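What follows is each chain in one-letter form.
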Number of protein chains: 2
Amino acid sequence: MARPQRLPKLQLIQSFAQVAEHGSLAAAAKAVGGSPATLSRHVSSLEAELGVTLFERRGDGLALTASGAALFAHAADVTAAANRFAAAASGQDQGLDGTIRI
Amino acid sequence: MARPQRLPKLQLIQSFAQVAEHGSLAAAAKAVGGSPATLSRHVSSLEAELGVTLFERRGDGLALTASGAALFAHAADVTAAANRFAAAASGQDQGLDGTIRI
DNA sequence: TTGGTTTACGTTTATCGTAAATATC
DNA sequence: GATATTTACGATAAACGTAAACCAA
């Protein structure tokens, strides 16, 4: 279990979560300051890599499938962990022994 | 707080964890099937991005600094979360309604 | 000198935005 | 017809391995 694995890129997971939260590529793109095309590619790449259809394509946006909803919870966990890592690093960076509780 | 952030790439965090576990670039490279040069770049990139020195360079390998050790715990959390994400996806992939509890 | 790390170099691969095409309501 | 997604395309940037250089015990 100490083996390294080929995991989906963090950025794809982030994009997935953003799109799920905003309900459309357009809205998510506006929020992250990127283009809808990029997010579309991210979502498609992730779906292809996982072999799972995450969203149902609708005329006015993207809606999570059942599988997508299940994975969204895990995606949130991943991004949360990554954010804690970054936050801890900032603390080490400034030498702050601030109260970063895990 | 719902804002997207610029987080370190997952691969860099994975490499960091592998090097920390194996104690040297050479050993970690052998384990992951890559080259020491790549891992050296990954570690350096991560250190530069975080502004933290993760390892002390010794003649026979790399030893975690105090800051590195603190961050290693978080790195393990991130990779664990990513692994759970991937595992959940594999479950969804096969259409297994296995007991994946969220 | 031996085992390990780092840098240099060239090539391959991935990533992105703009803009055109497509689909849905 | 309007809004959203997707694909095409070209350009920019990132990633890797090999091999040489460097450093420490």
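See the structure above.
In this text, all values refer to a predicted model and were calculated from it rather than measured experimentally.

Of all residues adjacent to DNA strand D, which total 18 residues, the nearest are Leu25 and Arg57 of chain A together with Gln11, Thr38 and His42 of chain B. Counted by atom, the contact set of DNA strand D within 4 Å of the protein is 70% sugar and phosphate. Between DNA strand D and histidine 42 of chain B there is a distance of 2.6 Å, counted from a phosphate oxygen to a side-chain nitrogen or oxygen. Among the secondary structure elements, those contributing two or more residues to the surface near DNA strand D are helix 2 (25-32), helix 3 (36-50) and strand 2 (61-64) of chain A together with helix 3 (36-50) of chain B. No other element matches helix 3 of chain B, which puts four residues into the surface near DNA strand D.

A few words now on the packing of helix 1 (residues 10-22) of chain B against helix 4 (residues 66-93) of chain B. All names here are of chain B. Direction vectors running N to C along helix 1 and helix 4 enclose 120°, while the axes themselves pass 9 Å from each other. Between helix 1 and helix 4, the angle falls in the class oblique. For the pair helix 1 and helix 4, the sense of crossing is left-handed. Facing Leu10, Ile13, Gln14, Phe16, Ala17, Ala20 and Glu21 of helix 1, the residues of helix 4 in contact are Gly68, Leu71, Phe72, Ala75, Val78, Thr79 and Ala82. Considering only residue class, the contact of helix 1 with helix 4 consists of 10 nonpolar, three polar and one charged.

Residue and element names in this part refer to chain A. Under the defined criterion, the tally for this structure stands at four aromatic pairs over all chains. Here the aromatic rings of phenylalanine 16 and phenylalanine 55 are separated by 5.7 Å at their centres, their planes lie at 75°, and the arrangement is edge-to-face. Of the two residues, phenylalanine 16 sits in helix 1 (residues 10-22) while phenylalanine 55 sits in strand 1 (residues 55-58), which places them 39 residues apart along the sequence. Exposure remark for phenylalanine 16: the relative accessible area of 1% places this residue in the buried category. Overall, the relative accessible area of 2% leaves phenylalanine 55 in the buried class. Taken together, the aromatic side chains of Phe16, Phe55 and Phe72 make up a single cluster linked through ring pairs.

On to the relation of the copies chain B and chain A, then. The operation relating chain B to chain A is a screw motion whose rotation component is 180°, with 0.0 Å of axial translation and a residual RMSD of 0.1 Å. The relationship between the two copies is best expressed as a two-fold rotation axis. If distances are taken from each C-alpha of chain B to the rotation axis, the shortest is found for leucine 10 of chain B, at 2.8 Å. Residue by residue, 98% of the interface of chain B is reproduced at the interface of chain A, so both copies engage with the same surface.

Rules and cut-offs
- Residues numbered from 1 in each chain as written.
- Chains lettered and ligands numbered in written order.
- Predicted model: local features only at pLDDT ≥ 70, side-chain atom pairs only at ≥ 80, totals over all residues.
- Heavy atoms only, no water.
- Near = heavy atom within 4 Å.
- Polar contact = N/O pair within 3.5 Å; in protein donor to acceptor, adjacent residues only side chain to side chain.
- Helix = DSSP H or I, 4+ residues; strand = E, 2+ residues; numbered from the N terminus.
- Axes fitted to C-alpha atoms, helices over the stretch in contact; angles between N-to-C directions.
- Parallel < 35°, antiparallel > 145°, perpendicular 65-115°, else oblique.
- Left-handed = near helix turned anticlockwise from the far one by under 90°.
- Contact = heavy atoms within 4.5 Å.
- Nonpolar A, V, L, I, M, F, W, Y, C, P; charged D, E, K, R; others polar.
- Phe/Tyr/Trp six-rings, centres within 6.5 Å; stacked < 30°, edge-to-face > 60°.
- Buried < 20%, exposed > 50% of the residue type's maximum accessible area, 1.4 Å probe, protein only.
- Least-squares fit on C-alpha atoms with pLDDT ≥ 70 in both.

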